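Below, each chain spelled out in residue letters.
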2 protein chains.
Amino acid sequence: MAKAGKQPRPKAETPKGFRDYFGPEVTQRTEMLSSIAAVYHQYGFDALESSAVETVESLGKFLPDVDRPNEGVFAWQEDEDDGKGDWLALRYDLTAPLARVYAQHRNDLPTPYRRYAMGPVWRNEKPGPGRFRQFYQCDADTVGAANVAADAEICAMLSDTLERVGIPRGDYIVRVNNRKVLNGILETMGLVDDAGRRDAVLRTIDKFDKVGESGVQELLTKGRLDASGAFIDGVGLSEDQAAPVLAFLTSKADEVATTLRNLQGAVGQSVTGLEGVQELETIAELMTAQGYNADRVMIDPSVVRGLGYYTGPVFEAELTFEILDEKGRRRQFGSVSGGGRYDDLVKRFTGQAVPATGISIGVDRLLAALQAKGRMAAEVQGPVVVTVMDRDRMADYQAMVGELRQAGIRAEVYLGNPKNFGNQLKYADKRNSPIAVIEGGNEKEAGIVQIKDLILGAKIAENATLEEWKERPSQIEVPRTQLVEKVREILDGQGG
Amino acid sequence: MAKAGKQPRPKAETPKGFRDYFGPEVTQRTEMLSSIAAVYHQYGFDALESSAVETVESLGKFLPDVDRPNEGVFAWQEDEDDGKGDWLALRYDLTAPLARVYAQHRNDLPTPYRRYAMGPVWRNEKPGPGRFRQFYQCDADTVGAANVAADAEICAMLSDTLERVGIPRGDYIVRVNNRKVLNGILETMGLVDDAGRRDAVLRTIDKFDKVGESGVQELLTKGRLDASGAFIDGVGLSEDQAAPVLAFLTSKADEVATTLRNLQGAVGQSVTGLEGVQELETIAELMTAQGYNADRVMIDPSVVRGLGYYTGPVFEAELTFEILDEKGRRRQFGSVSGGGRYDDLVKRFTGQAVPATGISIGVDRLLAALQAKGRMAAEVQGPVVVTVMDRDRMADYQAMVGELRQAGIRAEVYLGNPKNFGNQLKYADKRNSPIAVIEGGNEKEAGIVQIKDLILGAKIAENATLEEWKERPSQIEVPRTQLVEKVREILDGQGG
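Residues numbered from 1 in each chain as written. Chains lettered and ligands numbered in written order. Predicted model: local features only at pLDDT ≥ 70, side-chain atom pairs only at ≥ 80, totals over all residues.

Turning to the overall build of chain A, a few remarks are in order. When helices and strands are tallied, chain A shows 18 helices and 19 strands. For a compact globule of 496 residues, the expected C-alpha radius of gyration is about 23 Å, and chain A comes in at 30 Å, more than 25% above that figure. In terms of overall dimensions, chain A has C-alpha extents of about 95 × 65 × 55 Å along its principal axes. Per-residue burial for chain A yields a buried fraction of 44% across its 496 residues. Partitioning the contacts of chain A with sequence separation of at least 6, the portion at a separation of at least 24 is 65%. (Helix = DSSP H or I, 4+ residues; strand = E, 2+ residues; numbered from the N terminus. Rg over C-alpha atoms; globule rule 2.2 N^0.38 Å. Buried ≥ 20, exposed ≤ 12 C-beta atoms within 10 Å, placed from the backbone. Contact = placed C-beta atoms within 7 Å.)

Spelled out as structure tokens, the structure:
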């Protein structure tokens, strides 16, 4: 109860939609990001860390309108006496800051500028289960390279990255599509100047993953009854008009040459469309020349994510192995990375279009994939715990952990109240400690220490009474001088 | 010029007081933090990453008062229909979030809880030269351990950390003081219940670094003329009353036993004071038992930073080597880390005092120190650049970088417009590339490539005319099949 006149105690809670990450959750992500950075670096990409805070103006999209421009971003106004302080906001991705950085520093940066960036981004959205308002992104982009060789490089790098972090070849595929091909198709359909129906077609294509070929066909034409029984109005195209869109989405064949021929058929005489097909062909050639065959990087016009946003080639990396979903059903793991070419981003600042292409890796999803593949230990071993039998001999215990650490072994002294020895073992258990070391007064006199193998102990305990357990060899007595050697031996045995 | 009716272009600028970090600035920091994390981990500390955003309420200190509680922090109010949304803010350090995390998760966390955290923090302050509103901190704390063995462990770990990142023994010192000793002295002075004069004494002690012994003496008594000629009022103590404070600050002797005796004399009969001296003695004993002698960790009552904030032992790591300051004068590098015991932080949330002790490393300062010691290359080598002589043979060039990368060599193809070859070499120069690879049509036919040693080339160019330079062996011709081998050879030679 708060006493009268006192401030109530603050609640110890993360804000809604935020969370804390503990131990292995942090170190496994760090490790994965470090492997990814090593690949990016080898490809000639340079690290960039921009500030978490940008002006709302330079983030774009979220310009101040009425009172507070915090639709989608966390934003606040700088305190100035005249009330005209800048509006600042937390970045919502790593691409908008890249555009600002490139525009600001373009005279000092090399062109093309290959950069990678990794870090948290923030979204001011209603949080939901598993949906957080702060999460990590990991991006690589090439700014200032118009050549599709830049896009091909991104695909090769994405493939290398997945293998480097531990996704075996055959368990992933990088799919490539091209917005220009779709543009060509919209041209042949006569929809380029019909913004309303063009956008309706784009929105419909976005549903291809969900509703499939026949669903898209219905939605483009007369409309469709959805699963819930509701009728969804169609775009109102004729079946003939809808045909090229469906030809586009379903043009993938076993041979890339056939796929490309199908696309060529779909775009007809459109110059933009033919350019797009040509780009896909060049990418396919470059990939093959470097040994990235269709089992790793593949031209696949059914990739529709991002087609609305990007202006040229579009990439998506999918993990093809199966996992069990929440309901125990087998399903493919799915997408862990996407990207593409976007040529207009810097123009907002400078007035000049600057070609750019890149990818973003979904850090949490890729981490979950590695855990599903058993590439990341779910539980990480804790430190060796040196227990405290005699609180006046702390220096002795500290000397032990000092020796263990010198030998590269993670170790610590129990620093809580040592009175209750059971609490010390409970602590070691909570830490996932592999070993506890014990040196009471008698041991000290005899020049020995007790080493308790907690992992073997736990196994024995499952099948033994307390009395039996005490007698088992999960606890051994060794000369104090052999402490490090014996601990090492037991650790090696446990690791095996 | 913005066209009429169009939005003006946004300015490409970081907000005031924020900055971008490029290439080595990012990777060197990452590398240093990773070395520090390795030491912390070996000491049994677990990683924690809390969210950047906390409720203003749980950050404390900055409770909403009038309109916007953004004194010192970046804060904003959650959008709720009733206008009563929570106030959120960016964390201003890593300690306040630790208190919240421990209070929130204490039933699941081990006790004691050793944790480390590294990441950016934000301060809403007027930016100045070299003073940014976002910067990195790197902390390690032990929560729930009342024993000073926990403090001693922190000191040992700090010493190990500095050596691990590259500060040699002899170039740093960890100094230890204790707030309880000072409390004992305030007791003997009869100032415990005289909050006004007690705080005045604490503020005066804070100036010890600046004004020295005689300065503090004057400020505690009758006042003092400062350097600018202004008179600073004294606290008004008698010389006898001021004496124990000065005895405390100057009690450091060559032998720790003498230092402790001096402190004992200064605290007189105060129980708190004697407890403080006893704690320092225990720390000194534990350090010596582990081989951390006074050349690494030393009891030094002249350490005054943080004495007002902490409740027990106080630590400071100073780098003792000299650097040249902006004005070319030699001075000691100074402090890179500080910390101490603070036993009341969690109490705000739970009502129960929880003992805690820890340190914070000034990441930017330590990085600057490593640069000053030549431990970090100021400029980092760029990638090998494969130039593009024939844009239709991009696949050939991509194959070359593919082979180089396979061999672990950082390499890239020039992805800009290849028309002007000079631009390609300028690009390689801007990237700090060690080598450029050239394969024109003639070379292709002859089965050879040109390898240009750009580092040797630059050296020669300093002392040669253009004509001479062209003839120099900084450019060699090798069979295409020997590309990787020769590039490796030249890189090895450059590195030597």
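What follows covers the nonpolar core. Ranked by size, the top nonpolar core spans 273 residues in total, and within it Cys155(A), Val386(A), Cys155(B) and Val386(B) carry the most contacts. Residue contacts for Cys155(A): discarding those within four places in its chain leaves Val174(A), Val176(A), Ile283(A), Met287(A), Val297(A) and Phe315(A). (Core = buried A, V, L, I, M, F, W, Y, C linked by C-beta atoms within 7 Å.)

Further remarks concern the environment of Gly166(A). All names here are of chain A. For Gly166, the position within the fold is in the loop between helix H4 (149–165) and strand S8 (172–178). C-beta crowding within 10 Å serves as the criterion here: with 16 such atoms nearby, Gly166 is assigned to the partly exposed category. For Gly166 and Met32, which are 134 residues apart along the polypeptide, the C-alpha to C-alpha distance reads 9.3 Å. Once residues within four sequence positions are removed from consideration, Gly166 is found in contact with Leu370, Lys373 and Arg375.

What follows covers the domain arrangement of chain A. Size of an interface: often given as the accessible area lost when the parts come together. Domain annotation of chain A identifies domain 1 (164–326) and domain 2 (384–495). Distance from the C-alpha centre of domain 1 of chain A to the C-alpha centre of domain 2 of chain A: 61 Å. (Domains from an automatic or database assignment.)

With 77 residues of chain B at the contact, the number on the chain A side is 77 residues. The greatest single-element share of the side of chain B that touches chain A, amounting to six residues, is contributed by helix H13 (residues 394–406) of chain B. Taken together, the residues of the side of chain B that touches chain A break down into 35 nonpolar, 23 polar and 19 charged. The pairing of strand S2 (residues 46–49) of chain A with strand S1 (residues 21–22) of chain B spans two bridges and is classified as antiparallel. Across the sheet, the residue bridging to Leu48(A) is Phe22(B), located in S1(B). (Nonpolar A, V, L, I, M, F, W, Y, C, P; charged D, E, K, R; others polar. Pairing = 2+ DSSP bridges.)

A separate point is the environment of Gly130(B). Residues and elements named next belong to chain B. Position of Gly130 among the secondary structure elements: in the loop between strand S6 (113–122) and strand S7 (134–143). Taking the number of C-beta atoms within 10 Å as the measure of exposure, Gly130 has 7 and is therefore exposed. Separated by 354 residues in the primary sequence, Gly130 and Val484 have C-alpha atoms spaced 44 Å apart.

Quick look at the pairing of strand S12 (residues 313–324) of chain A now. Residue and element names in this part refer to chain A. In this sheet, S12 lies alongside S8 in antiparallel orientation, the contact comprising seven bridges. For Tyr172, the partnering residue across the bridge sits in S12 and is Leu319. Alignment of S12 against strand S13 (residues 330–341), held across nine bridges, turns out to be antiparallel. By the bridge assignment for S13, Glu316 is matched with Gly338. Connecting S12 to the antiparallel partner S13 that follows it, the hairpin turn spans five residues, and Gly328 within it adopts a positive phi of roughly 80°.

With that out of the way, let us pick up the relation of the copies chain B and chain A. With an RMSD of 0.1 Å, the operation that places chain B on chain A is a rotation of 180° combined with a shift of 0.0 Å along the axis. These values place the two chain copies in the arrangement generated by a two-fold rotation axis. It is Trp76(B) whose C-alpha, among those of chain B, lies nearest the rotation axis, at 2.8 Å. Both copies contact each other with a shared surface, as 100% of the interface residues of chain B are interface residues in chain A too. (Least-squares fit on C-alpha atoms with pLDDT ≥ 70 in both.)

Time to look at the packing of helix H5 (residues 179–188) of chain B against helix H9 (residues 256–267) of chain B. All names here are of chain B. It is at 8 Å that the axes of H5 and H9 come closest, and there the two elements cross at 35°. Facing Val181, Gly184, Ile185 and Thr188 of H5, the residues of H9 in contact are Leu263, Ala266 and Val267. Tallied by class, the residues present in the contact of H5 with H9 amount to five nonpolar, two polar and no charged. (Axes fitted to C-alpha atoms, helices over the stretch in contact; angles between N-to-C directions.)

Within the secondary structure layout, Gly60(B) lies in the loop between helix H2 (56–59) and strand S4 (75–77). According to the C-beta neighbour criterion, Gly60(B) is partly exposed, with 16 such atoms within 10 Å. Between the C-alpha atom of Gly60(B) and that of Glu318(B), which follows or precedes it by 258 residues, the distance is 30 Å. With residues near it in sequence (within four places) discarded, Gly60(B) still touches Pro10(A), Ala96(B) and Arg348(B).

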